Amino acid sequence: QKEVEQNSGPLSVPEGAIASLNCTYSDRGSQSFFWYRQYSGKSPELIMSIYSNGDKEDGRFTAQLNKASQYVSLLIRDSQPSDSATYLCAVNENYQLIWGAGTKLIIKP
Amino acid sequence: DTGVSQNPRHKITKRGQNVTFRCDPISEHNRLYWYRQTLGQGPEFLTYFQNEAQLEKSRLLSDRFSAERPKGSFSTLEIQRTEQGDSAMYLCASSLSGGQPNSPLHFGNGTRLTVT
């Protein structure tokens, strides 16, 4: 059974600080990794995709991938209250995604 | 960018009734997915189409669930003889196939089903 694991949280971070979200996966053959943000009652929204080892930056967001250790992380710099949401990690498995249960992030003003 | 469109947004039905949901994917996307999500969980895969062909259906899905994508554009998901356990958010997503790595999924706003 291929799995994606995330700490369910909640993770509480002060406004302006860096939020660090982590995800581990079981399938060494996975090649595509995605972070989605989901507000309560809404559908998931793509934040970042990453395919190669290392860091990928997009504005305040940085995704980090380490295939040898089978983890992918998401850093959010200068956290804002509007970043409060559940962050879902998803890993490609052929034609579909394997999802983590999500980490609830709370940014405290 | 019209995005992925789902209708209805909300559906309340009585146990035993049939319901049908519609999804219109992003026009150039040839892959279409249906997921189900309950509170505190990630999306659960239901089924997947590439163009009009239904290529995979979750083994967890009972025979009460059926999906179609007759012309490779919009898709419908039908649940027959609904049960209270079917209450969930039903999400549709689309993507563009081709090569590796796979392109990300783009989700619609979902249809929230409540079975009373």
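Keep in mind that what you see is a predicted model, and the values were worked out from it rather than measured.

I tried to follow the overall build of chain B on my own but got confused; where do I start?
The secondary structure content of chain B amounts to 0 helices and 11 strands. Listing each helix as α and each strand as β along chain B from the N terminus yields β-β-β-β-β-β-β-β-β-β-β. Compactness check: chain B gives a C-alpha radius of gyration of 14 Å against a globular reference of 13 Å for 116 residues, within 12% of the reference. Seen through its principal axes, chain B has C-alpha atoms that stretch 45 × 30 × 25 Å. Split into buried and exposed, the 116 residues of chain B put 47% on the buried side. For chain B, the accessible area works out to roughly 6000 Å², and carbon and sulfur atoms hold 44% of it. In chain B, which carries 14 positive and 11 negative side-chain charges, the distance between the mean positions of the two groups comes to 6 Å.

Help me understand the pattern of salt bridges, please; the structure alone is not making it clear to me.
Any two side chains of opposite charge can pair, on the condition that their charged atoms come close. By the definition in use, this model includes 7 salt bridges over all chains. Salt-bridge contacts for Glu57 of chain A lead to Arg77 of chain A; the nearest nitrogen and oxygen are separated by 3.4 Å. With Glu57 of chain A in strand 6 (residues 54-58) and Arg77 of chain A in the loop between strand 8 (71-76) and strand 9 (85-93), this pair connects stretches of sequence that are 20 residues apart. Taking the relative accessible area as the measure of exposure, Glu57 of chain A reaches 60% and is therefore exposed. One salt bridge in this structure joins Arg64 of chain B and Glu83 of chain B, with 3.5 Å as the shortest N-O distance. Placement of Arg64 of chain B in the loop between strand 6 (53-57) and strand 7 (65-68) and of Glu83 of chain B in the loop between strand 8 (75-79) and strand 9 (88-95) is noted, with a sequence separation of 19 residues between them. Given the relative accessible area of 10%, Arg64 of chain B is considered buried. Salt bridges sharing common partners tie together Arg64, Glu83 and Asp86 of chain B.

How should I be thinking about the interface of chain B and chain A in this particular structure?
Interface size is commonly expressed as the accessible area that is lost once the parts come together. With 23 residues of chain B at the contact, the number on the chain A side is 19 residues. Linking chain B with chain A are 0 salt bridges, by the criterion used here. Counting across the interface, chain B meets chain A through 3 residue pairs in polar contact (both at pLDDT 80 or more). Put simply, the parts of the chain that give the side of chain B that touches chain A at least two residues each are strand 4 (31-37), strand 5 (44-50) and strand 9 of chain B. In terms of residues, the side of chain B that touches chain A owes the most to one element, strand 4 of chain B, which gives 4 residues. Class assignment of the residues belonging to the side of chain B that touches chain A gives a composition of 11 nonpolar, 9 polar and 3 charged.

I keep staring at the nonpolar core and nothing clicks. Help me out?
Core analysis: the largest hydrophobic core is formed by 23 residues, its most contacted members being Trp35, Val72, Leu74, Ile76 and Tyr87 of chain A. Elements represented by at least two residues in this core include exactly strand 3 (19-25), strand 4 (33-38), strand 5 (45-50), strand 7 (61-66), strand 8, strand 9 and strand 11 (103-108) of chain A. Once you skip the residues sitting within four places of it in the chain, Val72 of chain A turns out to touch Leu21, Asn22, Cys23, Phe33, Trp35, Ile50, Gln64, Leu65 and Cys89 of chain A. If you look at the next biggest cluster of nonpolar residues, it comprises 19 residues, including Val4, Trp34, Phe49 and Phe65 of chain B.

Help me understand the sheet that holds strand 3 of chain A in this model?
As a general point, the strands of a sheet are linked pairwise by backbone hydrogen bonds and lie either parallel or antiparallel. All names here are of chain A. With respect to topology, 5 strands assemble into an open sheet ordered 1-3-8-7-6, the strand pairing being antiparallel. Here the strands that pair on one side only, and so sit at the sheet edges, are strand 1 (4-5) and strand 6. Relative to strand 7, strand 6 runs antiparallel, the two being bridged by 5 bridges. What sits directly across from Lys56, in strand 7, is Ala63.

Is there a simple way to think about the pairing of strand 9 of chain B in this case?
Successive side chains on a regular strand alternate, one facing one side of the sheet and the next facing the other. Residue and element names in this part refer to chain B. Of all 8 residues in strand 9, 8 are buried, a share of seventy percent or more. Here strand 9 shows two buried faces, one formed by Ala88, Tyr90, Cys92 and Ser94 and the other by Met89, Leu91, Ala93 and Ser95. Sheet topology places strand 9 next to strand 11 (residues 111-115); 3 bridges connect them, and they run antiparallel. The residue bridging Tyr90 from the neighbouring strand is Thr111, located in strand 11. Sheet topology note: the strand 9/strand 10 (residues 106-107) ladder contains 2 bridges and is antiparallel. Following the sheet pairing, Ser94 is matched in strand 10 by His106.

Each value, and the rule that gives it
- Residues numbered from 1 in each chain as written.
- Chains lettered and ligands numbered in written order.
- Predicted model: local features only at pLDDT ≥ 70, side-chain atom pairs only at ≥ 80, totals over all residues.
- Heavy atoms only, no water.
- Helix = DSSP H or I, 4+ residues; strand = E, 2+ residues; numbered from the N terminus.
- Rg over C-alpha atoms; globule rule 2.2 N^0.38 Å.
- Buried < 20%, exposed > 50% of the residue type's maximum accessible area, 1.4 Å probe, protein only.
- Areas by Shrake-Rupley, 256 points an atom, 1.4 Å probe, with all protein chains shown as cover.
- Lys, Arg positive; Asp, Glu negative; His and termini not counted.
- Charge placed at Lys NZ, Arg CZ, Asp CG, Glu CD.
- Salt bridge = Lys/Arg side-chain N within 4 Å of Asp/Glu carboxyl O.
- Contact = heavy atoms within 4.5 Å.
- Polar contact = N/O pair within 3.5 Å; in protein donor to acceptor, adjacent residues only side chain to side chain.
- Nonpolar A, V, L, I, M, F, W, Y, C, P; charged D, E, K, R; others polar.
- Core = buried A, V, L, I, M, F, W, Y, C linked by side-chain atoms within 4.5 Å.
- Pairing = 2+ DSSP bridges.

Purely geometric stuff here, so don't read any function into it on its own.
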